[in-house]
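These are the residues of each chain, in order.
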Amino acid sequence: MLDNYHLNQLAEPLLAWFVDHARVLPWRERPEPYRVWVSEIMLQQTRVEAVKPYYERFLKALPDVAALAACPEDQLMKLWEGLGYYNRVRNMQKAAVTVTEEYDGVLPADYGKLLELKGIGSYTAGAIASIAYGIPVPAVDGNVLRILTRVAADDTDIMKQSFRSAVEAQLGEMMRELTVPEELRRVLRDENVPGALNQAMMELGATVCVPNGAPLCEECPWSKMCLARAQGRMMDFPVKSKAKARRIEERTVLVIRDGEKVAIRKRPKKGLLAGLYELPNLSGALSAKEVLSYVKEQQFAPLRIEKLADAKHIFSHIEWRMSGYAILVEEAGFAAEKEPESGNGRTPEEKADGEGGLIFVDAWDARERYAIPSAFSAYAGYLKKEFD
DNA sequence: AATGCGGGGTC
DNA sequence: GACCCAGCATT
């Protein structure tokens, strides 16, 4: 794709632009390996603005690899709550254990070794290697694919894995051969050319050659050599095959309350929203009668049932259409674990873990301590709200 | 090569 | 509504 370009021709104006236009971002202040790692995992399929409020909080709670490796699961999920793609943080923790055991707690300064770590693919390995260690390897993300297909007016489908690999190979070779004038190199942070170049490409994609709407070509350091612009076809690139349509699922969400306690449960270890907590919910749009039948099956004595508003939640591949019921149940010493502190000393989390059973928790505690995904936000308000 | 995996923003 | 986002793991 870039056959007609020398990287110097692209890199010099881009780096010069980046020196003046780089956003001030928390993870850019001190590009240490662990800080870069955390930022890159958070930024996967997630916008900068969405990551900001999470980043400092996460770093403060888990300031180094050892702290991440040792963090209890529920606290980890709570720190990630709302960011989505929860396997990202599970895999990062697995990798932290590996880094602790095999690399003495320091991320390896080696692209291939980074790539072997859980949750680190070619993009993230390239980002860490280049930004934290100055290694000349590319970090090809959606931004990079967009700006390069536009500047070269390349109509290859960027969803094809083979294209991404080809771009990585081509960019990698060019980066290894790249030379940057001394005066330009000196003004880059740590004189790190590979790190600056990768970040500059992403910055250009995020702020100028934007993904939605028309690109701001007047501000672009590549405008004079951009083939898409020359052809007036900026919006024709990148070419991207359509994603499969999402399926629709009907669900019935229950707010089962007993005085000040509410029933939640832990989701399975694998699959959608793995390991997070949720309000009990069932497949289908159930009637009040069917809900009462379920509640009784769970060994509760329902006193009152109230229909709640419908709600919708859109995942990338599923749409939940939810109907809700609030059920007041009689206090009883049987059924779900009502008294976490009593009994054999296991916490409700341990009892819930893997068993899929309901646990009764203090209604206020529920949102404070348990990671509950935003799919349930329409009903999370009922965790605190009283029945008239 | 295709699919599962979140949540929020923009147009 | 549709599209997109500093992707990766699994099959």
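What this report covers is the structure whose coordinates are included nearby. Remember, predicted model here, so these are calculated numbers, not experimental data.

In this section: the nonpolar core. Membership of the largest hydrophobic core comes to 111 residues, with the highest contact counts inside it found for Trp37, Phe58, Leu148 and Trp222. Two domains each put at least three residues into this core: domain 1 (7-236) and domain 2 (247-383). With residues near it in sequence (within four places) discarded, leucine 148 still touches Met1, Leu2, Val167, Leu171 and Trp222. Judged by nonpolar contacts, the second largest core, of 14 residues, contains Ile256, Leu282, Val291 and Leu358.

Turning our eyes to something else, we now look at the environment of serine 130. Examined against the element boundaries, serine 130 turns out to sit in helix 9 (residues 122-133). Classification of serine 130 by relative accessible area gives buried; the value is 0%. As for serine 130 and leucine 197, which are separated by 67 residues in sequence, their C-alpha atoms are 8.9 Å apart. The contacts of serine 130, once residues within four sequence positions are left out, are Ile135, Val137, Asn192, Pro194, Gly195 and Asn198. Here glycine 126 takes part through its backbone oxygen, which lies 2.7 Å from a polar atom of the side chain of serine 130.

Moving on to a negative patch on the surface. There is a patch of like negative charges on the surface, built from Glu101, Glu102, Asp110 and Glu116. Counting through the fold element by element, aspartate 110 comes out in the loop between helix 7 (87-102) and helix 8 (111-116). Owing to a relative accessible area of 32%, aspartate 110 belongs among the partly exposed residues under this scheme.

Over the atoms, a rolling probe the size of a water molecule traces out where space has been left empty. With the rule as written, the count across this model stands at one cavity of 30 Å³ or more. Size it by volume and the largest cavity reaches roughly 110 Å³. Along the walls of the largest cavity sit 14 residues, with Arg150, Cys209, Cys217, Cys220 and Cys226 positioned nearest its centre. Here the lining of the largest cavity takes three residues from helix 10 (residues 142-151), the largest share from any one element. For the lining of the largest cavity, the residue count by class is 11 nonpolar, one polar and two charged.

For the rest of this paragraph, the subject is the layout of surface pockets. The volume enclosed by the second largest pocket comes to roughly 220 Å³. Residue assignment for the lining of the second largest pocket shows that the elements contributing at least two residues are helix 6 (73-80) and helix 7. Ranked by residues supplied to the lining of the second largest pocket, first place goes to helix 7 with five residues. Residues that form the lining of the second largest pocket fall into these classes: two nonpolar, four polar and five charged. Two domains each put at least three residues into the lining of the second largest pocket: domain 1 (7-236) and domain 2 (247-383).

Tallied over the full model, the rule gives zero disulfides. With no disulfide of its own, cysteine 217 lies closest to cysteine 226 among cysteine sulfurs, the gap being 6.3 Å.

Let us now look at unusual backbone geometry. In this model, phenylalanine 237 is joined to proline 238 through a cis peptide bond whose omega is -5 degrees. Despite not being glycine, tyrosine 85 shows a phi value in the positive range, around 45 degrees. By the secondary structure assignment, tyrosine 85 is in the loop between helix 6 and helix 7. The phi dihedral of aspartate 190 is positive, around 55 degrees, even though this residue is not glycine. The residue aspartate 190 is located in the loop between helix 12 (182-186) and helix 13 (193-207) in this model. Owing to a relative accessible area of 63%, aspartate 190 belongs among the exposed residues under this scheme.

What follows covers the pairing of strand 2 (residues 261-266). The buried count for strand 2 comes to six of six residues, which makes it a mostly enclosed element. Burial along strand 2 is two-sided: Lys261, Ala263 and Arg265 and Val262, Ile264 and Lys266, pointing in opposite directions, are all buried. Bridge count for strand 1 (residues 247-258) against strand 2 is two bridges, and the pairing is antiparallel. Within strand 2, the position partnered with aspartate 258 by the bridge is lysine 261. The turn linking strand 1 back onto strand 2 is made up of two residues, and glycine 259 within it adopts a positive phi angle of 60 degrees. For strand 2 and strand 7 (residues 358-362), the ladder comprises five bridges, and the chain directions are antiparallel.

The rules behind these values
Residues numbered from 1 in each chain as written. Chains lettered and ligands numbered in written order. Predicted model: local features only at pLDDT ≥ 70, side-chain atom pairs only at ≥ 80, totals over all residues. Heavy atoms only, no water. Core = buried A, V, L, I, M, F, W, Y, C linked by side-chain atoms within 4.5 Å. Buried < 20%, exposed > 50% of the residue type's maximum accessible area, 1.4 Å probe, protein only. Domains from an automatic or database assignment. Contact = heavy atoms within 4.5 Å. Helix = DSSP H or I, 4+ residues; strand = E, 2+ residues; numbered from the N terminus. Polar contact = N/O pair within 3.5 Å; in protein donor to acceptor, adjacent residues only side chain to side chain. Patch = residues over 30% accessible without salt bridge, like charges linked within 9 Å, V, L, I, M, F, W, Y side chains within 5 Å. Areas by Shrake-Rupley, 256 points an atom, 1.4 Å probe, with all protein chains shown as cover. Salt bridge = Lys/Arg side-chain N within 4 Å of Asp/Glu carboxyl O. Lys, Arg positive; Asp, Glu negative; His and termini not counted. Charge placed at Lys NZ, Arg CZ, Asp CG, Glu CD. 1 Å grid on protein atoms, 1.4 Å probe; cavity = no way out; pocket = protein on both sides within 12 Å on 5 of 7 lines; lining within 4 Å. Points joined across faces, edges and corners; volume = space filled by probe spheres on them. Nonpolar A, V, L, I, M, F, W, Y, C, P; charged D, E, K, R; others polar. Disulfide = S-S within 2.5 Å. Pairing = 2+ DSSP bridges.

Read these as spatial facts, not as claims about activity.
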